[in-house]
Amino acid sequence: MRNLVWFRNDLRVLDNPALYHACSETGEVVGLYFLCEKQWLIHGDAACKINFWIRNLQCLQTSLKLLNIPLIVIKAPLYQDIENKILSFVDEHNITSVYFNNEYGVNELRRDRKVYSVLLNNQINVSNFHEQTIHTPGTLKTQAGDNFKVYSPFKRSWFKNLKKEHLEILPVPKRQNNSSFETSSLAHYLSSYTSDIDESLWPAGEEYIHDHVDNFLSQKGSSYKLNRDYPSLDATSKLSPYLNTGVVSSKWCLNKALEYNGMKLDSGDKGIVHWVSEILWREFYRHIIYNFPKVSKNKPFVDKTSKIKWNHDDFLYQKWEDGKTGIPIVDAGMRQLKKTGWMHNRIRMITAMFLSKNLLMDWQKGEKYFMQNLIDGDIASNNGGWQWSASTGTDAAPYFRIMNPVSQSKRFDPKGTYIRTWVHELEKCPLEDIHEPKNPEQYGYYEPIVDLKLSRKKAIDVFSNL
Ligand SMILES: Cc1cc2nc3c(=O)[nH]c(=O)nc-3n(C[C@H](O)[C@H](O)[C@H](O)COP(=O)(O)OP(=O)(O)OC[C@H]3O[C@@H](n4cnc5c(N)ncnc54)[C@H](O)[C@@H]3O)c2cc1C
């Protein structure tokens, strides 16, 4: 008997249901990972994110080795190639059972349904598990039996339906008997999947992220609510790439929150309670992509917004990408993204609203660019964030409430520290000018590419006429 664990976005040994259950059965256990280069290109996955996956795969391989479980890596350029590749592997190595954890993107669900039926047709046992969110997408319903479209009632239902067992962590599996398989070498992949982002900003591995979350909650958890909106403060957890790659489970993080908050999630320490509610936004958007798959098929959630005639000015768009819009807070965010593979949440909202409202450009262009650059790029949260900002999504910002980037800058970067960190031209700009520099050329900086008041009015007109 041989059991295969197919790893995907679940690169960890702790609290990994597929791995745990495979190891609880009799027989040898082997891990498998498919490198889907062409699929990643189609999905627009960022180079820094792919590099992060490979580095975490290496850590996973080391942890698995301690359990006597080899990890084999195989190239399958597209998801559709996996059916045949997995079948050959299973045949060649006399595998009797395959285990994997579910993913909820449209392409991932399609891939898994095919693989599932191909394996079953070949008399291979298949076991799949839910682990990405606490409640399985599709299980939380309104009183009328509909899927939630608004976050607050979703959150109330999330808590109402929470049972103790939902938060039980599965241990690291027991050490297996010696394996007859050769583990794949990852050295070649580590040197081929590189990126311009400094790897030391995003250390890999379960051990790192466990310590990091522990430190975050003990030192910054209580002040999170107060400080989370100030981009110059290192006040948020920077957990997103690890959650999205499955280096840690959201369940583990919620258990840590319980530990630091007197075993409560929805009352007690205001900072920790707020952090938990942000993790629930992530869960909300995962339920949305599952319940309303149109949002990940290039469609807005609010149908009528597909009628908007977006502006297609490539010159202005390029200024946004390059962080040369002449609006310092927007440019700071776009440069932070390019340099680090991450952008502060408040600034994601500001830059996204600036593109979709002030420049009146298609939010899908921005969504794609973020995906191509974010180390935490995630179909559900990225789509949710963009559609929120563009007022085309579920529970989105009302179209008439357009953030003024200059007012946001004054409020959330009052000393201009964040701007000066990323917009070097303005390092010597005095504080009274930093948010809206007069004669920006004197600093080698730019005039604003758009009039904020006029463009705001135009966007409101466009949306109100839908
Ligand atoms: C336009 C736009 C695009 C976004 N794209 C992504 C994306 O591709 N991937 C991604 O993980 N998040 C995305 N977000 C959400 C959010 O900006 C990031 O999750 C957050 O900045 C990550 O930093 P952190 O880990 O320090 O968060 P913390 O503030 O410490 O929050 C803890 C965790 O809660 C979750 N979370 C926090 N805020 C949100 C939110 N608004 N929506 C969903 N989950 C949230 C994340 O998993 C995060 O790691 C986007 C937001 C916007 C407005």
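Residues numbered from 1 in each chain as written. Predicted model: local features only at pLDDT ≥ 70, side-chain atom pairs only at ≥ 80, totals over all residues.

As for the overall build of the protein
And step 1. Scanning the protein from N- to C-terminus turns up 21 helices and 5 strands.
And step 2. Its C-alpha atoms give the protein a radius of gyration of 23 Å, near enough to 23 Å, the size a compact globule of 466 residues would have.
And step 3. Taken over the C-alpha atoms alone, the protein extends approximately 75 × 55 × 45 Å along its principal axes.
And step 4. For the protein, the residues scored as buried account for 43% of the 466 residues in total.
And step 5. Pairs at least 24 residues apart make up 78% of the contacts formed inside the protein by residues separated by at least 6 positions. (Helix = DSSP H or I, 4+ residues; strand = E, 2+ residues; numbered from the N terminus. Rg over C-alpha atoms; globule rule 2.2 N^0.38 Å. Buried ≥ 20, exposed ≤ 12 C-beta atoms within 10 Å, placed from the backbone. Contact = placed C-beta atoms within 7 Å.)

Overview of the sheet that holds strand 3 (residues 71-75)
And step 1. A sheet is described by the order of its strands in space; here 5 strands give the open sequence 3-2-1-4-5, paired in parallel fashion. The sheet terminates laterally at strand 3 and strand 5 (125-129), the two strands that pair on one side only. Between one strand axis and the next, the sheet turns by 25° as a mean value, whatever way the strands run.
And step 2. Across 4 bridges, the pairing between strand 1 (residues 2-7) and strand 4 (residues 97-101) is parallel. When the bridges of strand 4 are listed, Trp6 appears paired with Phe100. (Pairing = 2+ DSSP bridges. Axes fitted to C-alpha atoms, helices over the stretch in contact; angles between N-to-C directions.)

Overview of the domain arrangement of the protein
And step 1. Examined at the domain level, the protein breaks down into domain 1 (2-130), domain 2 (132-168 + 206-291) and domain 3 (303-464).
And step 2. With centres defined by C-alpha atoms, the gap from domain 2 to domain 3 works out at 26 Å.
And step 3. Contact with domain 2, which involves 16 residues of that partner, is made by 19 residues of domain 3.
And step 4. Secondary structure elements with two or more residues in the side of domain 2 that touches domain 3: helix 10 (240-245) and helix 12 (270-291).
And step 5. For the side of domain 2 that touches domain 3, the element with the most residues is helix 12, which contributes 5 residues.
And step 6. For the side of domain 2 that touches domain 3, the residue count by class is 8 nonpolar, 4 polar and 4 charged. (Domains from an automatic or database assignment. Nonpolar A, V, L, I, M, F, W, Y, C, P; charged D, E, K, R; others polar.)

Considerations on the packing of helix 16 (residues 363-373) against helix 17 (residues 379-389)
Describing two packed helices takes the angle between their axes plus the distance from one axis to the other.
And step 1. As a packed pair, helix 16 and helix 17 sit with axes 10 Å apart at the nearest point and diverge in direction by 145°. Crossing geometry of helix 16 relative to helix 17 is assigned as right-handed. Of the residues in helix 17, those in contact with Trp363, Gly366, Glu367, Phe370 and Met371 of helix 16 are Asn382, Asn383, Trp386, Gln387 and Ser389. (Left-handed = near helix turned anticlockwise from the far one by under 90°.)

Describing the pairing of strand 2 (residues 28-35)
And step 1. A large share of strand 2 lies buried, amounting to 7 of its 8 residues.
And step 2. Two elements, strand 1 and strand 2, share 6 bridges in a ladder whose sense is parallel. Among the inter-strand pairings, Leu4 is bridged to a residue of strand 2, identified as Val30.
And step 3. Once you follow strand 1 into helix 1 (residues 17-24) and on to strand 2, the crossover reads as right-handed. (Right-handed = clockwise from strand over helix to strand, strands pointing away.)

A few points about the site of the ligand
And step 1. The local shell around the ligand holds 29 residues, among which Thr236, Ser237, Asn345, Asn382 and Gly385 are the closest.
And step 2. Secondary structure elements with two or more residues in the shell around the ligand: helix 10, helix 12, helix 15 (345-358) and helix 17.
And step 3. Along the lines of polarity and charge, the residues of the shell around the ligand split into 11 nonpolar, 11 polar and 7 charged.
And step 4. When we break the shell around the ligand down by domain, the ones giving at least three residues each are domain 2 (132-168 + 206-291) and domain 3 (303-464). (Near = placed C-beta within 6 Å.)

A short note on the nonpolar core
And step 1. In this structure, Leu4, Val5, Val98, Ala257, Ile289, Ile375 and Ile419 are the most contacted members of the largest nonpolar core, which totals 111 residues.
And step 2. Counting residues per element, this core draws most heavily on helix 12, which supplies 9 residues. (Core = buried A, V, L, I, M, F, W, Y, C linked by C-beta atoms within 7 Å.)

Points about unusual backbone geometry
And step 1. The backbone of Leu360 shows a phi angle near 50°, a positive value even though the residue is not glycine.
And step 2. Structurally, Leu360 is set in the loop between helix 15 and helix 16.
And step 3. The class of Leu360 is buried, set by 21 C-beta atoms lying within 10 Å.

Side note on the packing of helix 8 (residues 206-220) against helix 11 (residues 250-260)
And step 1. The N-to-C vectors of helix 8 and helix 11 enclose an angle of 35°; their axes lie 10 Å apart at closest approach. Considering how the two elements wind past one another, helix 8 and helix 11 form a crossing that is right-handed. Contacts between helix 8 and helix 11 involve Val213, Asp214, Leu217 and Ser218 from the first element and Cys253, Lys256, Ala257 and Tyr260 from the second.
And step 2. For the contact of helix 8 with helix 11, the class distribution of residues is 5 nonpolar, 1 polar and 2 charged.

Quick word on the environment of Met1
And step 1. By the element assignment, Met1 lies in the segment before strand 1.
And step 2. For Met1, a count of 12 C-beta atoms within 10 Å corresponds to the exposed category.
And step 3. Spatially, the C-alpha atom of Met1 lies 4.7 Å from that of Gly27, the residues being 26 residues apart in sequence.
And step 4. Setting aside chain neighbours within four positions, we find Met1 in contact with Thr26, Gly27 and Thr96.

Re helix 17
And step 1. Across the 11 residues that make up helix 17, a large majority, 11, are buried.
And step 2. Looking at helix 17, one finds that the buried residues are Ile379, Ala380, Ser381, Asn382, Asn383, Gly384, Gly385, Trp386, Gln387, Trp388 and Ser389.
And step 3. Of the surrounding elements, those touching the buried residues of helix 17 are helix 12, helix 15 and helix 16.

Focus on the environment of Gln442
And step 1. Structurally, Gln442 can be placed in the loop between helix 20 (431-434) and helix 21 (452-464).
And step 2. As for Gln442 and Leu426, which are separated by 16 residues in sequence, their C-alpha atoms are 9.7 Å apart.

Section: helix 18 (residues 405-412)
And step 1. Buried within helix 18 we find Pro405, Gln408 and Ser409. Buried residues of helix 18 fall within an arc of 100° about the axis and therefore sit on the same side.
And step 2. Next to the buried residues of helix 18 lie helix 14 (328-340) and helix 15. (Arc of directions from axis to C-beta.)

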